[in-house]
Amino acid sequence: MISIQSKLPGVGTTIFTVMSKLAEEYKAINLSQGFPDYPCDPKLITEVTKAMKKGFNQYAPMPGLPALRELIAEKAHHLYGAPYDPDTEVTITAGGTQAIFTALGASISPGDEVIIFEPAYDSYAPAVKLLGGLVKPYELAPPNYEIDWEMVRKLFSANTKMIILNSPQNPTGCILSEKDIKALIRLTRNTDILILSDEVYEHIIFDGQTHHSIALYPELRERSFITASFGKLLHTTGWKLGYCLAPERLMKEFRKVHQFNVFSVNTPMQLGIANYLKDPSTYLGLSAFFQEKRDLFRSLLSETKFKLLPCNGSYFQCISYAHLSNEKDNEMAVSLVRDYGVASIPVSAFYTKHTDHSVLRFCFAKKQETLEKAVQRLMKL
Ligand code: PMP
Ligand code: GLN
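Here's what I pulled together on the structure shown here. Residue indices begin from 1 for each chain and proceed along its sequence in written order. Chain labels run from A onward and ligand labels from 1 onward, assigned in the order the entries are written. Selection of residues for local features in this predicted model requires a pLDDT of at least 70, selection of side-chain atom pairs for listing and counting requires 80 or more, and totals for whole chains, interfaces and linings are taken over all residues. Side-chain metrics in this entry use all non-hydrogen atoms of the structure; hydrogen atoms and water are not considered.

To continue, consider the site of ligand 1. Only heavy atoms are used to decide nearness, and a residue is near a molecule or strand if one of them lies within 4 Å of it. As a structural note, the neighbourhood of ligand 1 is formed by 13 residues, with Thr-97, Asp-198, Tyr-201, Lys-232 and Lys-240 the closest of them. A distance of 2.7 Å separates an oxygen atom of ligand 1 from a polar atom in the backbone of Gly-96. Counting of polar contacts relies on pairs of N or O atoms within 3.5 Å, with two restrictions inside protein: one atom must be capable of donating a hydrogen and the other of accepting it, and residues adjacent in sequence are counted only when both atoms are side-chain atoms. A distance of 2.6 Å separates a nitrogen atom of ligand 1 from a polar atom in the side chain of Lys-232. Considered on its own, ligand 1 offers 390 Å² of accessible surface; in the complex 94% of this is hidden by protein. Each helix is a run of DSSP H or I of at least 4 residues and each strand a run of E of at least 2, with the numbering of both proceeding from the N terminus. Among the elements that take part in the shell around ligand 1, helix 4 (residues 95–107) stands out by supplying four residues, more than any other. Residue classes in the shell around ligand 1 are distributed as four nonpolar, six polar and three charged. Using the Shrake-Rupley algorithm and a 1.4 Å probe, accessible areas are obtained, with residue cover drawn only from the displayed protein chains. Under the scheme applied, nonpolar residues are Ala, Val, Leu, Ile, Met, Phe, Trp, Tyr, Cys and Pro; charged residues are Asp, Glu, Lys and Arg; polar residues are all the others, including Gly.

Here the rule is simple: two strands pair whenever DSSP picks up at least two bridges between them. Taking strand neighbours across the sheet as the criterion, the seven strands line up as 2-8-7-6-5-3-4 in an open arrangement whose pairing is mixed. The sheet is open, and its two edges are formed by strand 2 (90–93) and strand 4 (134–139), each paired on a single side. Taking each pair of neighbouring strands and ignoring which way they run, the sheet shows an average axis angle of 20°. In terms of strand pairing, strand 5 (residues 160–166) meets strand 6 (residues 194–198) through five bridges, oriented parallel. Considered in strand 6, the bridge of Ile-163 is made with Ile-195. On the sheet, helix 10 (residues 248–261) packs against strand 2, strand 6, strand 7 (224–229) and strand 8 (242–245) and is oriented at approximately 25° with respect to strand 2. The angle between two axes is taken between their N-to-C directions and runs from 0 to 180 degrees, where each axis is a line fitted to C-alpha atoms and a helix contributes only its stretch in contact. Any pair of residues with heavy atoms lying within 4.5 Å of one another is described as a contacting pair.

A word on the nonpolar core. For our purposes a nonpolar core is just a set of buried Ala, Val, Leu, Ile, Met, Phe, Trp, Tyr and Cys residues, chained together by side-chain atoms within 4.5 Å. Only protein chains enter the calculation, and the probe is 1.4 Å; a residue is then buried if its accessible area is under 20% of its type maximum, exposed if over 50%, and partly exposed in between. Trp-149 and Phe-230 are the most contacted members of the largest nonpolar core, which has 97 residues in total. When residues of this core are assigned to their parent elements, the largest contribution, six residues, is made by helix 3 (residues 66–80). With residues up to four places along the chain from it excluded, the contact list for Trp-149 reads Phe-117, Leu-165, Leu-176, Asp-180, Ala-183, Leu-184 and Leu-187.

With respect to the secondary-structure elements, Gln-33 resides in the loop between strand 1 (29–30) and helix 2 (42–53). Gln-33 gets classed as partly exposed once you look at its relative accessible area, which sits at 29%. Considering only alpha carbons, one finds Gln-33 and Thr-17, 16 residues apart in sequence, at a separation of 7.7 Å. For Gln-33, the contacting residues outside a window of four places in its chain are Phe-16, Ser-20, Ile-345, Arg-361, Cys-363 and Lys-366.

One can describe the packing of helix 3 onto helix 11 (residues 267–276) by two numbers: an axis separation of 8 Å at closest approach and a directional angle of 40°. On the basis of their axis angle, the class for helix 3 and helix 11 is oblique. Crossing handedness for the pair helix 3 and helix 11: left-handed. Taking contact as the criterion, the partners of Ala-67, Leu-68 and Leu-71 in helix 3 are, on helix 11, Gln-270, Ile-273 and Ala-274. Between 65 and 115 degrees an angle is taken as roughly perpendicular, under 35 as roughly parallel, over 145 as roughly antiparallel, and anywhere else as oblique. Crossing handedness: left-handed means the near helix sits turned counterclockwise from the far one by under a right angle, and right-handed means the same turn made clockwise.

Right, let's talk about the packing of aromatic side chains for a bit. Each Phe, Tyr or Trp ring, with Trp reduced to its six-membered ring, pairs with another whose centre is within 6.5 Å; inter-plane angles below 30 degrees give stacked pairs, above 60 give edge-to-face pairs, and intermediate values give tilted ones. This model, assessed by the stated rule, comprises 18 aromatic pairs. Ring geometry for Tyr-59 against Phe-263: centres 6.0 Å apart, planes inclined by 80°, an arrangement best described as edge-to-face. Placement of Tyr-59 in the loop between helix 2 and helix 3 and of Phe-263 in the loop between helix 10 and helix 11 is noted, with a sequence separation of 204 residues between them. Here Tyr-59 falls in the exposed class, since its relative accessible area comes to 75%. When its relative accessible area of 37% is taken as the criterion, Phe-263 is described as partly exposed. Pairwise contacts between aromatic rings join Tyr-38, Tyr-201, Phe-289, Phe-290, Tyr-315 and Phe-316 into one cluster. Note on geometry: a ring has a charge over it if NZ (lysine) or CZ (arginine) is within 6 Å of the ring centre and within 35 degrees of the ring normal. Looking at Lys-75, its charged tip hangs above the ring of Tyr-283, at a distance of 5.1 Å from the centre. Over the ring of Phe-35 we find Lys-366; its NZ or CZ atom is 4.0 Å from the centre of that ring.

Attention now moves to unusual backbone geometry. Following Ser-167, the chain continues into Pro-168 via a peptide bond in cis, with omega recorded as -15°. Tracing the backbone shows Pro-168 in the loop between strand 5 and helix 7 (178–188). With an omega of 15°, the peptide bond running from Asn-170 to Pro-171 counts as cis. Its location among the elements puts Pro-171 in the loop between strand 5 and helix 7. With phi around 50°, Lys-27 is a residue other than glycine that occupies positive phi space. Looking at the secondary structure, you find Lys-27 in the loop between helix 1 (15–25) and strand 1. For Tyr-145, which is not glycine, the phi torsion reads 50° and is therefore positive.

Here it is as structure tokens:
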């Protein structure tokens, strides 16, 4: 029997797949994996269909369709004052995940150390390890998951290659403040450290707060890959389209990997999205749209026994059940699906060491009736 030595021996199937499968098995309401249960704007479907019917069905240019890259560059300029050149500094990818993987592929060599803030989106650590890099996790704790930047400094070594950021953050819903960014600027000044800033939730931020994109800060921009996802922006997670922004020096290397990773991505969808996004209200209204859902979900959940953790952005709400039970969070998540018919994500899945703070994550990118029905079930607990 021929077999291969696993490059990721500690890795199983992702928690999103596991929980969504369980939800299906138990016919539960699926608030685990992050995706909307309502349709995207029909105008977007019309634009994509139009592009297909007009015959835009062959390979797109390797970095993406110029019309879409131009639009993204304009958006970054308008919102953050960042002068990204659409020809050399913007690349369209097959979702945020591929943008992250490609940025890491272009940057990480064996022995390089990468600092990540945990709980962290689950693709970062395996991608770093696959490339021979070493993950240096900094564990944050509920309820506020604040970063002590002096602790970050302690993780630095001669081999520190990159820091991965994610604001608004999945799964905690926390956001980086201007103070955090200033600390990051001080810490990285006069170093060669790269930043990968995963900003897939940049347009989902609540209570009038500002998204401190890395693109806003020239000193950080120069050392950063910024990644984004149209799945989040357009309620189309199944389309797997996203993009990466980076200064030309970095983007040149990114594209060397991208061209042999996917070469280019879905042409009619790129064109459809480019035409659809000409109207900025399509994404500038997202925060208000999701804030209404967050407020409804939080007010419904306040009738349950769970303790709500803060949620400043993203479409995830975390709760603590530490005061109710000693059960491990993965067991708790399984019993919620099996006995109460609601699927969630155990947050220990986002820590390298599976640190368990008795916290579960729920996705509220759902119809009002889905959220109401789910909480009715959770009230029985
Ligand atoms: N980063 C974070 C923080 C995410 O939550 C997700 C999931 N949407 C991604 C990256 C991946 O995005 P995509 O589905 O476009 O690959
Ligand atoms: N980003 C989504 C989440 O965090 C789903 C990602 C996935 O299924 N890989 O739930």
